[in-house]
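Observations on chain architecture
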Amino acid sequence: MKRVYALSDGNSFYCSCERVFDPSLIDKPVVVLSNNDGCVVARTPEAKAMGIPMGVPWFEIRDSYLKAGGKVRSSNYALYGDMSRRVNAVYERFADEVEVYSIDESFLDLSRAPDPEAHARVMRDTVLRWTGIPTCVGLGPTRVLAKAANHLAKKRAEMGGVCDLTDPERRAALLATLAIEDVWGIGRALSARLAAHGVRNAAQLAAMPPKSARQILSVTGERIVLELSGVHCSALEITPPAKKGIAVTRSFGRPVTTLAEMEEAVRTHAVRAGEKLRRNGRAAPHIQVFYFTSRHRNAPQRSVSGIEHFPVATSDSMALAAAACRVARRLWADGFIYAKSGVMLEGLIDPADAVPDLWHTPDPRRAELMRAMDAVNMRYGRNMLAPAGVTYQRPWSLKQDLRSPRWTTRLDEVPTVMAR
(Lines give C-alpha, C1' and ligand atoms only; values in the text may rest on other atoms or scores of the structure.)
Protein backbone atom coordinates (compact mmCIF):
# COMPACT_ATOMS: atom_id res chain seq x y z
CA MET A 1 0.00 0.00 0.00
CA LYS A 2 1.30 3.44 -0.96
CA ARG A 3 1.97 5.49 2.16
CA VAL A 4 0.46 8.98 2.20
CA TYR A 5 0.84 11.39 5.09
CA ALA A 6 -1.01 14.68 5.45
CA LEU A 7 -0.17 17.69 7.55
CA SER A 8 -3.20 19.88 8.20
CA ASP A 9 -2.96 23.12 10.12
CA GLY A 10 -5.26 26.00 10.95
CA ASN A 11 -4.57 29.23 9.08
CA SER A 12 -3.67 32.00 11.56
CA PHE A 13 -5.23 29.64 14.08
CA TYR A 14 -5.61 31.92 17.09
CA CYS A 15 -7.05 34.71 14.95
CA SER A 16 -9.35 32.25 13.14
CA CYS A 17 -10.72 31.05 16.49
CA GLU A 18 -11.53 34.65 17.38
CA ARG A 19 -13.31 35.18 14.06
CA VAL A 20 -15.55 32.13 14.50
CA PHE A 21 -17.44 33.81 17.34
CA ASP A 22 -16.98 37.45 16.30
CA PRO A 23 -17.90 37.92 12.62
CA SER A 24 -17.04 41.62 12.88
CA LEU A 25 -13.39 40.54 12.69
CA ILE A 26 -13.78 38.85 9.29
CA ASP A 27 -11.69 40.54 6.56
CA LYS A 28 -10.21 42.88 9.18
CA PRO A 29 -6.56 42.98 10.35
CA VAL A 30 -6.43 40.97 13.60
CA VAL A 31 -3.53 40.23 15.93
CA VAL A 32 -3.45 38.11 19.08
CA LEU A 33 -1.06 39.02 21.88
CA SER A 34 1.13 36.88 24.12
CA ASN A 35 0.81 36.48 27.89
CA ASN A 36 0.38 39.82 29.67
CA ASP A 37 -0.39 41.41 26.30
CA GLY A 38 3.32 41.65 25.64
CA CYS A 39 3.87 41.01 21.93
CA VAL A 40 2.17 39.78 18.76
CA VAL A 41 2.00 35.97 18.47
CA ALA A 42 -0.60 35.57 15.71
CA ARG A 43 -1.61 37.68 12.69
CA THR A 44 -4.20 37.47 9.96
CA PRO A 45 -3.10 38.00 6.34
CA GLU A 46 -4.60 41.50 6.54
CA ALA A 47 -2.37 42.31 9.53
CA LYS A 48 0.66 40.89 7.72
CA ALA A 49 -0.16 43.11 4.74
CA MET A 50 0.04 46.10 7.10
CA GLY A 51 3.65 45.12 7.84
CA ILE A 52 3.03 43.85 11.39
CA PRO A 53 5.95 41.50 12.19
CA MET A 54 5.65 38.43 14.38
CA GLY A 55 6.88 39.01 17.92
CA VAL A 56 6.81 42.81 17.81
CA PRO A 57 6.08 44.36 21.24
CA TRP A 58 2.48 45.54 21.38
CA PHE A 59 3.32 48.96 22.85
CA GLU A 60 5.48 49.76 19.80
CA ILE A 61 2.67 49.36 17.26
CA ARG A 62 -0.46 49.90 19.37
CA ASP A 63 -1.32 53.48 18.42
CA SER A 64 -0.55 53.29 14.70
CA TYR A 65 -2.16 49.86 14.33
CA LEU A 66 -5.42 50.81 16.05
CA LYS A 67 -5.55 54.11 14.19
CA ALA A 68 -5.35 52.16 10.92
CA GLY A 69 -8.40 50.09 11.93
CA GLY A 70 -6.63 46.98 13.22
CA LYS A 71 -8.28 44.70 15.79
CA VAL A 72 -6.53 43.06 18.74
CA ARG A 73 -7.27 40.31 21.25
CA SER A 74 -5.46 38.93 24.28
CA SER A 75 -4.60 35.22 24.19
CA ASN A 76 -7.60 33.04 24.99
CA TYR A 77 -6.01 29.62 25.47
CA ALA A 78 -9.17 27.97 26.81
CA LEU A 79 -10.94 28.81 23.54
CA TYR A 80 -8.00 27.84 21.31
CA GLY A 81 -7.48 24.51 23.06
CA ASP A 82 -11.14 23.57 22.77
CA MET A 83 -11.31 24.58 19.09
CA SER A 84 -8.20 22.48 18.46
CA ARG A 85 -9.95 19.49 20.01
CA ARG A 86 -12.98 20.04 17.77
CA VAL A 87 -10.86 20.29 14.63
CA ASN A 88 -9.01 17.07 15.49
CA ALA A 89 -12.34 15.32 16.09
CA VAL A 90 -13.14 16.06 12.43
CA TYR A 91 -9.72 14.79 11.31
CA GLU A 92 -10.41 11.48 13.05
CA ARG A 93 -13.39 10.94 10.75
CA PHE A 94 -11.15 11.15 7.70
CA ALA A 95 -7.90 9.46 8.76
CA ASP A 96 -6.89 6.05 10.08
CA GLU A 97 -4.43 7.66 12.49
CA VAL A 98 -3.98 11.22 13.76
CA GLU A 99 -0.93 12.66 15.54
CA VAL A 100 -1.66 15.98 17.23
CA TYR A 101 1.63 17.73 16.62
CA SER A 102 0.72 21.12 18.11
CA ILE A 103 -2.36 23.14 18.96
CA ASP A 104 -2.89 24.01 15.28
CA GLU A 105 -1.10 21.19 13.41
CA SER A 106 -1.81 17.48 13.04
CA PHE A 107 -0.28 14.72 10.97
CA LEU A 108 -2.74 12.24 9.45
CA ASP A 109 -2.39 8.88 7.72
CA LEU A 110 -4.44 8.99 4.49
CA SER A 111 -2.86 5.89 2.93
CA ARG A 112 -6.20 4.11 2.54
CA ALA A 113 -7.88 6.98 0.69
CA PRO A 114 -8.44 6.07 -3.00
CA ASP A 115 -7.72 9.68 -4.02
CA PRO A 116 -5.81 11.37 -1.16
CA GLU A 117 -5.94 14.86 -2.67
CA ALA A 118 -9.71 14.76 -3.22
CA HIS A 119 -10.11 13.24 0.24
CA ALA A 120 -8.06 16.08 1.74
CA ARG A 121 -10.18 18.71 -0.01
CA VAL A 122 -13.39 17.20 1.35
CA MET A 123 -11.81 17.09 4.82
CA ARG A 124 -10.73 20.72 4.56
CA ASP A 125 -14.23 21.81 3.51
CA THR A 126 -15.78 19.78 6.35
CA VAL A 127 -13.49 21.32 8.97
CA LEU A 128 -14.43 24.80 7.74
CA ARG A 129 -18.14 24.01 7.68
CA TRP A 130 -18.27 22.27 11.07
CA THR A 131 -15.84 24.40 13.08
CA GLY A 132 -15.35 27.63 11.11
CA ILE A 133 -11.55 27.13 11.02
CA PRO A 134 -9.83 27.50 7.60
CA THR A 135 -7.01 25.02 7.05
CA CYS A 136 -4.31 24.09 4.57
CA VAL A 137 -3.29 20.49 3.87
CA GLY A 138 0.01 19.13 2.58
CA LEU A 139 0.36 15.56 1.26
CA GLY A 140 3.49 13.47 0.83
CA PRO A 141 4.93 9.97 1.27
CA THR A 142 6.89 11.14 4.34
CA ARG A 143 6.28 13.55 7.20
CA VAL A 144 8.95 16.00 6.00
CA LEU A 145 7.37 16.10 2.54
CA ALA A 146 3.89 16.56 4.04
CA LYS A 147 5.26 19.51 6.01
CA ALA A 148 6.86 20.97 2.88
CA ALA A 149 3.62 20.50 0.94
CA ASN A 150 1.69 22.27 3.68
CA HIS A 151 4.05 25.25 3.44
CA LEU A 152 3.51 25.42 -0.32
CA ALA A 153 -0.27 25.13 0.10
CA LYS A 154 -0.25 28.17 2.37
CA LYS A 155 1.97 30.26 0.10
CA ARG A 156 0.38 29.45 -3.28
CA ALA A 157 -3.25 30.49 -3.54
CA GLU A 158 -3.74 28.68 -6.86
CA MET A 159 -3.50 25.35 -5.02
CA GLY A 160 -6.76 25.98 -3.20
CA GLY A 161 -5.37 25.08 0.21
CA VAL A 162 -4.11 21.58 -0.72
CA CYS A 163 -0.70 20.60 -2.11
CA ASP A 164 0.12 17.02 -3.13
CA LEU A 165 3.79 15.99 -3.32
CA THR A 166 3.22 12.26 -3.71
CA ASP A 167 4.08 12.31 -7.44
CA PRO A 168 7.90 12.31 -7.89
CA GLU A 169 7.95 14.58 -10.98
CA ARG A 170 5.61 17.15 -9.50
CA ARG A 171 7.52 16.95 -6.23
CA ALA A 172 10.85 17.74 -7.88
CA ALA A 173 9.40 20.78 -9.63
CA LEU A 174 7.72 22.20 -6.53
CA LEU A 175 10.61 21.53 -4.15
CA ALA A 176 12.80 23.66 -6.41
CA THR A 177 10.58 26.62 -5.45
CA LEU A 178 10.89 26.00 -1.70
CA ALA A 179 13.68 27.92 0.03
CA ILE A 180 16.03 25.77 2.07
CA GLU A 181 15.27 27.61 5.33
CA ASP A 182 11.59 26.66 4.92
CA VAL A 183 12.33 22.93 5.11
CA TRP A 184 11.18 21.41 8.40
CA GLY A 185 14.18 21.02 10.71
CA ILE A 186 16.60 23.23 8.76
CA GLY A 187 15.98 26.88 9.69
CA ARG A 188 18.29 29.85 9.17
CA ALA A 189 21.41 28.60 10.92
CA LEU A 190 21.66 25.34 8.98
CA SER A 191 20.54 26.97 5.72
CA ALA A 192 23.62 29.22 5.86
CA ARG A 193 25.82 26.14 6.30
CA LEU A 194 24.13 24.44 3.34
CA ALA A 195 24.39 27.55 1.17
CA ALA A 196 28.17 27.36 1.55
CA HIS A 197 27.91 23.97 -0.19
CA GLY A 198 25.71 25.31 -2.98
CA VAL A 199 22.41 24.00 -1.57
CA ARG A 200 19.78 26.73 -1.69
CA ASN A 201 16.42 25.03 -2.23
CA ALA A 202 14.61 21.91 -1.09
CA ALA A 203 15.12 20.07 -4.40
CA GLN A 204 18.90 20.48 -4.12
CA LEU A 205 18.77 19.25 -0.53
CA ALA A 206 16.74 16.19 -1.56
CA ALA A 207 19.39 15.39 -4.19
CA MET A 208 22.27 15.58 -1.70
CA PRO A 209 24.00 12.26 -0.92
CA PRO A 210 22.87 11.12 2.55
CA LYS A 211 26.45 10.66 3.75
CA SER A 212 27.29 14.24 2.82
CA ALA A 213 24.18 15.41 4.65
CA ARG A 214 25.30 13.53 7.76
CA GLN A 215 28.72 15.20 7.64
CA ILE A 216 27.20 18.68 7.32
CA LEU A 217 23.99 18.32 9.36
CA SER A 218 24.50 15.24 11.57
CA VAL A 219 22.27 12.17 11.54
CA THR A 220 19.14 14.32 11.87
CA GLY A 221 20.03 16.14 8.66
CA GLU A 222 20.59 12.82 6.93
CA ARG A 223 17.05 11.75 7.85
CA ILE A 224 15.64 15.04 6.55
CA VAL A 225 17.38 14.46 3.21
CA LEU A 226 16.10 10.90 2.99
CA GLU A 227 12.53 11.95 3.78
CA LEU A 228 12.71 14.81 1.24
CA SER A 229 13.68 12.26 -1.39
CA GLY A 230 10.68 10.10 -0.46
CA VAL A 231 12.35 7.57 1.84
CA HIS A 232 10.20 6.94 4.91
CA CYS A 233 12.14 7.35 8.18
CA SER A 234 9.60 8.21 10.89
CA ALA A 235 6.05 7.05 11.53
CA LEU A 236 3.24 8.95 13.21
CA GLU A 237 3.51 9.25 16.97
CA ILE A 238 -0.04 8.27 17.91
CA THR A 239 0.64 7.69 21.60
CA PRO A 240 2.65 10.60 23.01
CA PRO A 241 5.75 9.55 24.97
CA ALA A 242 5.53 9.71 28.73
CA LYS A 243 6.38 13.18 29.96
CA LYS A 244 9.75 13.56 31.65
CA GLY A 245 9.05 17.03 33.01
CA ILE A 246 6.29 19.57 33.56
CA ALA A 247 6.64 23.31 34.07
CA VAL A 248 4.10 25.98 34.97
CA THR A 249 5.44 29.52 34.73
CA ARG A 250 3.78 32.91 34.51
CA SER A 251 4.86 36.52 34.19
CA PHE A 252 3.00 38.67 36.68
CA GLY A 253 0.28 41.05 35.53
CA ARG A 254 1.93 43.58 37.83
CA PRO A 255 5.15 43.33 39.86
CA VAL A 256 5.13 41.30 43.10
CA THR A 257 6.87 42.75 46.13
CA THR A 258 5.43 40.77 49.08
CA LEU A 259 5.99 37.21 50.24
CA ALA A 260 2.24 36.65 50.64
CA GLU A 261 1.63 37.32 46.96
CA MET A 262 4.60 35.19 45.93
CA GLU A 263 3.23 32.29 47.99
CA GLU A 264 -0.15 32.69 46.32
CA ALA A 265 1.51 32.59 42.91
CA VAL A 266 3.69 29.50 43.42
CA ARG A 267 0.85 27.69 45.23
CA THR A 268 -1.40 28.29 42.23
CA HIS A 269 1.32 27.13 39.82
CA ALA A 270 1.89 23.96 41.88
CA VAL A 271 -1.81 23.03 41.85
CA ARG A 272 -1.90 23.48 38.07
CA ALA A 273 1.20 21.29 37.77
CA GLY A 274 -0.52 18.62 39.88
CA GLU A 275 -3.47 18.60 37.47
CA LYS A 276 -1.07 18.04 34.58
CA LEU A 277 0.70 15.25 36.45
CA ARG A 278 -2.51 13.34 37.09
CA ARG A 279 -3.77 13.84 33.56
CA ASN A 280 -0.57 12.28 32.23
CA GLY A 281 -0.44 9.51 34.83
CA ARG A 282 2.87 10.68 36.31
CA ALA A 283 4.31 11.46 39.74
CA ALA A 284 7.08 13.90 40.74
CA PRO A 285 9.96 13.03 43.09
CA HIS A 286 10.68 16.71 43.76
CA ILE A 287 9.55 20.24 42.97
CA GLN A 288 11.65 23.20 41.90
CA VAL A 289 10.46 26.77 42.52
CA PHE A 290 11.96 29.88 40.96
CA TYR A 291 11.24 33.56 40.66
CA PHE A 292 13.13 36.56 39.38
CA THR A 293 13.08 40.27 38.64
CA SER A 294 12.87 41.88 35.20
CA ARG A 295 16.16 42.72 33.53
CA HIS A 296 14.33 45.51 31.68
CA ARG A 297 13.51 47.37 34.91
CA ASN A 298 16.01 49.84 36.34
CA ALA A 299 15.99 48.27 39.80
CA PRO A 300 18.02 45.76 41.86
CA GLN A 301 18.19 42.39 40.12
CA ARG A 302 17.66 38.96 41.70
CA SER A 303 17.00 35.46 40.37
CA VAL A 304 16.59 32.49 42.73
CA SER A 305 15.50 28.85 42.63
CA GLY A 306 15.23 26.01 45.10
CA ILE A 307 14.18 22.35 45.30
CA GLU A 308 12.31 20.26 47.82
CA HIS A 309 12.29 16.45 47.56
CA PHE A 310 9.29 14.33 48.51
CA PRO A 311 9.63 11.18 50.64
CA VAL A 312 7.50 9.41 48.00
CA ALA A 313 6.94 10.68 44.47
CA THR A 314 3.54 12.36 44.32
CA SER A 315 0.91 14.01 42.13
CA ASP A 316 -1.06 15.37 45.10
CA SER A 317 -1.78 19.05 44.43
CA MET A 318 -1.93 19.92 48.11
CA ALA A 319 1.45 18.32 48.80
CA LEU A 320 2.94 20.10 45.79
CA ALA A 321 1.46 23.45 46.85
CA ALA A 322 2.69 23.14 50.44
CA ALA A 323 6.20 22.26 49.27
CA ALA A 324 6.21 25.16 46.78
CA CYS A 325 5.35 27.61 49.53
CA ARG A 326 8.09 26.27 51.80
CA VAL A 327 10.66 26.74 49.04
CA ALA A 328 9.35 30.23 48.24
CA ARG A 329 9.71 31.25 51.89
CA ARG A 330 13.28 29.93 52.07
CA LEU A 331 14.25 31.92 48.99
CA TRP A 332 12.48 35.16 49.84
CA ALA A 333 14.24 38.49 50.25
CA ASP A 334 12.52 41.85 50.68
CA GLY A 335 13.36 44.90 48.61
CA PHE A 336 13.03 43.40 45.12
CA ILE A 337 10.40 43.81 42.41
CA TYR A 338 9.68 40.34 41.05
CA ALA A 339 8.37 39.87 37.50
CA LYS A 340 7.91 36.13 37.03
CA SER A 341 7.65 32.88 38.96
CA GLY A 342 7.21 29.21 38.20
CA VAL A 343 7.46 25.61 39.31
CA MET A 344 9.18 22.71 37.56
CA LEU A 345 8.67 18.99 38.05
CA GLU A 346 11.37 16.77 36.56
CA GLY A 347 12.38 13.12 36.67
CA LEU A 348 8.71 12.10 36.45
CA ILE A 349 7.80 8.45 36.98
CA ASP A 350 4.81 6.14 36.84
CA PRO A 351 3.10 6.30 40.27
CA ALA A 352 3.26 2.50 40.40
CA ASP A 353 7.07 2.75 40.34
CA ALA A 354 7.27 5.13 43.31
CA VAL A 355 9.52 3.73 46.03
CA PRO A 356 7.56 3.52 49.33
CA ASP A 357 8.89 5.10 52.49
CA LEU A 358 8.41 3.37 55.85
CA TRP A 359 7.90 6.64 57.71
CA HIS A 360 5.73 8.41 55.13
CA THR A 361 2.78 6.33 53.96
CA PRO A 362 0.51 8.31 51.61
CA ASP A 363 -3.09 8.61 52.74
CA PRO A 364 -5.25 6.79 50.14
CA ARG A 365 -8.06 9.26 50.86
CA ARG A 366 -5.93 12.04 49.36
CA ALA A 367 -5.79 10.18 46.03
CA GLU A 368 -9.58 9.87 46.14
CA LEU A 369 -9.83 13.59 46.89
CA MET A 370 -7.66 14.48 43.90
CA ARG A 371 -9.78 12.30 41.62
CA ALA A 372 -12.95 13.95 42.90
CA MET A 373 -11.48 17.42 42.42
CA ASP A 374 -10.42 16.60 38.87
CA ALA A 375 -13.86 15.19 38.07
CA VAL A 376 -15.60 18.34 39.32
CA ASN A 377 -13.28 20.60 37.33
CA MET A 378 -13.64 18.46 34.23
CA ARG A 379 -17.41 18.70 34.39
CA TYR A 380 -17.94 22.26 35.54
CA GLY A 381 -14.80 24.05 34.34
CA ARG A 382 -11.21 24.49 35.46
CA ASN A 383 -10.68 26.05 38.88
CA MET A 384 -14.24 25.36 39.99
CA LEU A 385 -12.77 23.38 42.89
CA ALA A 386 -9.26 23.96 44.25
CA PRO A 387 -7.29 23.65 47.49
CA ALA A 388 -7.63 26.53 49.95
CA GLY A 389 -5.28 29.42 49.24
CA VAL A 390 -5.29 28.93 45.47
CA THR A 391 -6.39 31.98 43.53
CA TYR A 392 -6.72 32.82 39.87
CA GLN A 393 -8.00 36.40 40.11
CA ARG A 394 -5.37 38.40 41.96
CA PRO A 395 -3.65 41.64 40.95
CA TRP A 396 -0.53 39.67 40.02
CA SER A 397 -2.53 37.34 37.74
CA LEU A 398 -1.92 37.20 34.01
CA LYS A 399 -2.84 40.43 32.24
CA GLN A 400 -5.52 39.78 29.59
CA ASP A 401 -7.25 43.13 29.21
CA LEU A 402 -8.38 42.36 25.66
CA ARG A 403 -9.44 38.71 26.03
CA SER A 404 -12.62 37.59 24.30
CA PRO A 405 -15.12 35.38 26.15
CA ARG A 406 -14.34 31.67 26.55
CA TRP A 407 -17.27 30.89 24.29
CA THR A 408 -17.10 27.09 24.37
CA THR A 409 -15.82 26.21 27.85
CA ARG A 410 -17.65 28.48 30.31
CA LEU A 411 -21.41 28.30 30.76
CA ASP A 412 -21.61 31.93 31.81
CA GLU A 413 -19.81 32.98 28.60
CA VAL A 414 -21.70 30.85 26.06
CA PRO A 415 -22.85 33.04 23.15
CA THR A 416 -26.55 33.84 23.09
CA VAL A 417 -28.87 34.56 20.19
CA MET A 418 -31.78 36.92 20.76
CA ALA A 419 -34.95 36.26 18.76
CA ARG A 420 -36.81 39.27 17.46
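Residues numbered from 1 in each chain as written. Predicted model: local features only at pLDDT ≥ 70, side-chain atom pairs only at ≥ 80, totals over all residues. Heavy atoms only, no water.

Focus: the UniProt feature "domain: UmuC" (unreviewed entry) in the chain
Those residues carrying the UniProt feature "domain: UmuC" (unreviewed entry) are residues 5–187 in this numbering. Annotation note: span residues 5–187, helix share 44%, strand share 20%, distance between end C-alpha atoms 22 Å. (UniProt positions renumbered as here; feature names shortened; annotations may be inferred. Helix = DSSP H or I, 4+ residues; strand = E, 2+ residues; numbered from the N terminus.)

What about the side chain of H286?
Turning to its location among the elements, H286 is positioned in strand β10 (residues 284–293). For H286, a relative accessible area of 16% corresponds to the buried category. With residues near it in sequence (within four places) discarded, H286 still touches I307, E308, H309, F310, M344, L345 and E346. (Buried < 20%, exposed > 50% of the residue type's maximum accessible area, 1.4 Å probe, protein only. Contact = heavy atoms within 4.5 Å.)

Thoughts on the side chain of E263
Topologically, E263 is positioned in helix α11 (residues 259–279). Residue class for E263 comes out buried when judged on its relative accessible area of 13%.

Overview of empty space enclosed by the protein
Counted under the stated rule, the structure contains 1 cavity of 30 Å³ or more. Reported here for the largest cavity is a volume of approximately 50 Å³. For the largest cavity, the full set of lining residues is D9, G10, F13, S84, V87, N88, Y91, I103, D104, E105, S106 and I133. Where the lining of the largest cavity is concerned, the elements lending two or more residues are β1 (5–10), α4 (77–94) and β6 (105–109). With 4 residues, the top contributor of residues to the lining of the largest cavity is α4. (1 Å grid on protein atoms, 1.4 Å probe; cavity = no way out; pocket = protein on both sides within 12 Å on 5 of 7 lines; lining within 4 Å. Points joined across faces, edges and corners; volume = space filled by probe spheres on them.)

Considering the sheet that holds strand β5 (residues 97–100)
To summarise the sheet geometry, strands pair through backbone hydrogen bonds and adopt either a parallel or an antiparallel arrangement. Strand order in the open sheet formed by 5 strands is β5-β6-β1-β7-β8, with mixed pairing between adjacent strands. Each having just a single partner strand, β5 and β8 (162–164) make up the two edges of the open sheet. Direction aside, the axes of adjacent strands within the sheet are offset by 15 degrees on average. Relative to strand β7 (residues 135–140), β1 is paired through 6 bridges, and the arrangement is antiparallel. (Pairing = 2+ DSSP bridges. Axes fitted to C-alpha atoms, helices over the stretch in contact; angles between N-to-C directions.)

Examining the layout of surface pockets
Estimated volume of the second largest pocket: approximately 910 Å³. Lining the second largest pocket we find 31 residues, and of these G10, N11, S12, K48 and K154 sit closest to its centre. Element by element, the count of residues in the lining of the second largest pocket is highest for helix α6 (residues 143–155), at 6 residues. Each residue belonging to the lining of the second largest pocket can be placed in one class, and the counts come to 14 nonpolar, 7 polar and 10 charged. (Nonpolar A, V, L, I, M, F, W, Y, C, P; charged D, E, K, R; others polar.)

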